[in-house]
Amino acid sequence: MLSIGFSNQIMLLPWGVVIGASLAAAVWDLRSRRIPNRLTVPVWVAGLAWGLWTDGLAGAGDSLAGCLLMGLPFVLLFALAGGGAGDAKLMMALGTWLGLHDGTLAIVMVCMAGAVMGLAWAVVRGRAHMVAANLGRIGWSVWFWRMGHGDALEAGRPVSPTDATAFPYGTAILAGVVLATAWRVAWP
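The structure contained in this document is the topic of the report that follows. (Residues numbered from 1 in each chain as written. Predicted model: local features only at pLDDT ≥ 70, side-chain atom pairs only at ≥ 80, totals over all residues. Heavy atoms only, no water.)

1. A closer look at the overall build of the protein chain
Across its full length, the protein chain carries 6 helices and 0 strands. In sequence order, the secondary structure elements of the protein chain are arranged as α-α-α-α-α-α. Every one of the 188 residues in the protein chain was classed for burial, and the buried ones make up 35%. For the protein chain, contacts bridging at least 24 residues in sequence account for 74% of all contacts bridging at least 6. Total accessible area computed for the protein chain in this model is approximately 10900 Å², and 71% of it derives from carbon and sulfur atoms. (Helix = DSSP H or I, 4+ residues; strand = E, 2+ residues; numbered from the N terminus. Buried < 20%, exposed > 50% of the residue type's maximum accessible area, 1.4 Å probe, protein only. Contact = heavy atoms within 4.5 Å. Areas by Shrake-Rupley, 256 points an atom, 1.4 Å probe, with all protein chains shown as cover.)

The following block contains the structure:
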């Protein structure tokens, strides 16, 4: 039986909030293909307040660092490759609750879950060839960029992005957060 003391229960509170927010986001994403600001903004503000309350200015700084760590890749995906703005805002909000240390674990797990679920989605929808073509284009764009040739950003644009190939990433965020929570509970 797992015995958790009071101080450990308080430190598990952020993980509980992150799972709850991710669950709500996944449901919204599945139903409407959107993650609304009315979820992400209060979670972000509360996470920043939690960091400030638990560790003062250092805690607030850690919350903002987690926000940047978890949000930046998704902001870049939104800006450069057509990712969802709601996904980016959700990851930033979750980062305020987890901070830099736990945020690192969470983003790794979210990305792994997203890769597996995205490939499964593409296979089920008969779009695996499109995913392979997109990965090839991204690889070539990185190669050309490294060699100093051409416009890497334009070369890396996805092939025929459609709603049929996109999947509700809120589900991958939930799966990754649950995996990260399980990891953190098993190996504190």
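Next comes the rest of the account.
2. What about the pattern of salt bridges?
Scanning the model with the defined rule gives 1 salt bridge in all. Among the ionic pairs, aspartate 102 bridges to arginine 184, the shortest N-O distance being 2.7 Å. Taken as a pair, aspartate 102 in helix H3 (residues 85-124) and arginine 184 in helix H6 (residues 170-186) lie far apart in primary sequence, 82 residues in all. Comparing aspartate 102 with arginine 184 shows no difference in burial state: the two are buried. (Salt bridge = Lys/Arg side-chain N within 4 Å of Asp/Glu carboxyl O.)

3. Digging into H6
For H6, built from 17 residues, the straight-helix expectation of 24 Å at 1.5 Å per residue is met to within 8% by its first-to-last C-alpha distance of 24 Å. Those residues of H6 that sit buried are Gly170, Thr171, Ala172, Ile173, Leu174, Gly176, Val177, Ala180, Thr181 and Arg184. (Expected span 1.5 Å × (residues − 1).)

4. Observations concerning the packing of helix H2 (residues 37-81) against H3
Relative placement of two packed helices is described by the angle separating their axes and the distance separating the axes. Close contact between H2 and H3 brings their axes to 4 Å; oriented N to C, the two are set at 120 degrees. Classified by the interaxial angle, the pair formed by H2 and H3 is oblique. Seen from above, H2 lies across H3 with right-handed handedness. Per-class residue counts for the contact of H2 with H3 are 26 nonpolar, 12 polar and 3 charged. (Axes fitted to C-alpha atoms, helices over the stretch in contact; angles between N-to-C directions. Parallel < 35°, antiparallel > 145°, perpendicular 65-115°, else oblique. Left-handed = near helix turned anticlockwise from the far one by under 90°. Nonpolar A, V, L, I, M, F, W, Y, C, P; charged D, E, K, R; others polar.)

5. A few points about a nonpolar patch on the surface
Where nonpolar side chains cluster on the molecular surface, the patch consists of Leu72, Val75, Leu76 and Leu80 and spans about 330 Å² of accessible area. Overall, leucine 72 belongs to the partly exposed group, its relative accessible area being 49%. (Patch = residues over 30% accessible without salt bridge, like charges linked within 9 Å, V, L, I, M, F, W, Y side chains within 5 Å.)

6. Comments concerning the packing of H3 against H6
Viewed as axis vectors pointing N to C, H3 and H6 meet at an angle of 110 degrees, and their least axial separation amounts to 7 Å. Between H3 and H6, the angle falls in the class roughly perpendicular. Looking at the contact of H3 with H6, its residues break down into 16 nonpolar, 5 polar and 3 charged.

7. Quick look at the environment of aspartate 62
Inspection of the secondary structure assignment puts aspartate 62 in helix H2. Residue classification places aspartate 62 among the partly exposed positions, given a relative accessible area of 35%. In the structure, aspartate 62 is positioned 11 residues away from glycine 51 in sequence and 7.1 Å away in space, judged by C-alpha atoms. Not counting chain neighbours up to four residues away, the residues in contact with aspartate 62 comprise Gly99 and Leu100.

8. Comments concerning unusual backbone geometry
Backbone geometry places arginine 33, a non-glycine residue, at a positive phi of 60 degrees. Along the chain, arginine 33 turns up in the loop between helix H1 (6-32) and H2. A residue is classified by how much of its surface remains accessible, and arginine 33, at 43% relative accessible area, is partly exposed.

9. Digging into the side chain of aspartate 29
Within the secondary structure, aspartate 29 is located in helix H1. As a buried residue without a salt bridge, aspartate 29 has its nearest oppositely charged side chain in arginine 33, at a separation of 4.6 Å. The contact partners of aspartate 29, leaving out residues within four places of it in the chain, are Arg34, Ile35, Asp87, Pro168, Tyr169 and Gly170. (Lys, Arg positive; Asp, Glu negative; His and termini not counted.)

10. With respect to the packing of aromatic side chains
This model, assessed by the stated rule, comprises 6 aromatic pairs. With 5.7 Å between their ring centres and 25 degrees between their planes, tryptophan 50 and tryptophan 97 make a pair best called stacked. Remark: tryptophan 97 occurs in helix H3 and tryptophan 50 occurs in helix H2; sequence separation between them is 47 residues. With relative accessibility at 13%, the residue tryptophan 50 sits in the buried group. Using a relative accessible area of 11% as the deciding quantity, one classes tryptophan 97 as buried. Relative to tyrosine 169, the ring of phenylalanine 167 has its centre 5.6 Å away and its plane inclined at 55 degrees; by these criteria the two rings are tilted. Note on phenylalanine 167: relative accessible area 15%, which makes it buried. With relative accessibility at 16%, the residue tyrosine 169 sits in the buried group. (Phe/Tyr/Trp six-rings, centres within 6.5 Å; stacked < 30°, edge-to-face > 60°.)

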